[in-house]
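One-letter residues, chain by chain:
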Amino acid sequence: MRTLLLGAAALLSACVSVNANVTTTPDAALIAVQNARVRECPAARQQANAQSEGFGAQIGVLGEDVALTPLADPTRAVRLRRLTIQPGGVIAWHDHSAVQGMALIVSGELVERHNTCLDALTYRAGDIAREDVSTAHSWRNETDEIAVVLVAHVVAR
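So, how was this worked out
Residues numbered from 1 in each chain as written. Predicted model: local features only at pLDDT ≥ 70, side-chain atom pairs only at ≥ 80, totals over all residues. Heavy atoms only, no water. Helix = DSSP H or I, 4+ residues; strand = E, 2+ residues; numbered from the N terminus. Buried < 20%, exposed > 50% of the residue type's maximum accessible area, 1.4 Å probe, protein only. Phe/Tyr/Trp six-rings, centres within 6.5 Å; stacked < 30°, edge-to-face > 60°. Lys NZ or Arg CZ within 6 Å of the ring centre and 35° of its normal.

**Q** Please give an account of unusual backbone geometry that cites residues and values.
**A** For residues that are not glycine, phi is negative in most cases, and the peptide bond is trans in most cases. The backbone of asparagine 49 shows a phi angle near 55 degrees, a positive value even though the residue is not glycine. Tracing the sequence through the fold places asparagine 49 in the loop between strand 1 (37-38) and strand 2 (59-70). Look at asparagine 49 and you get exposed, because its relative accessible area is 67%.

**Q** Please provide a residue-by-residue account of the packing of aromatic side chains, values included.
**A** How two aromatic rings sit relative to each other is set out by the distance from centre to centre and by the angle between their planes. In total, this model carries one aromatic pair according to the counting rule given. Judged by centre distance (4.8 Å) and plane angle (65 degrees), the ring pair of tyrosine 123 and tryptophan 139 falls under edge-to-face. Residue tyrosine 123 is found in strand 6 (residues 121-124), and its partner tryptophan 139 is found in strand 8 (residues 136-140); the two are separated by 16 residues along the sequence. By the burial criterion, tyrosine 123 is buried, and tryptophan 139 matches it. In this structure, arginine 39 is placed above the aromatic ring of tyrosine 123, and the distance from its NZ or CZ to the ring centre is 6.0 Å.

Right under this line is the structure:
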């Protein structure tokens, strides 16, 4: 009996509650996704053919395919890409007549010149740019920090 009581006491003494006081700081990418919102040119500043050129030739941009998901139409797929834009980097003027989708700024900051907006727009983490069939635009990273963007486009397979 004594052995049984000593064994039980040993087991119970091993069951100690520990409060580790673990704190976690949300990841910047998670914050961007949780706060995602579409950013658009203010209605009063919209104008057809407001811009027709961007920030120059493409420089300081790395594009990496993350995933490709086939659609029911066997000639189409959704492509997810990660773009990393260095400080001073430029995404040259281009249109989305053939490839439409959207871009989520995950980190950093980018300035966009858009064909239908009189003003350049600044996008920050959590901002989404829609890229529809009538979109033509260019981007530049005017900060000292790298910008990361996730773009999802419907593409030909």
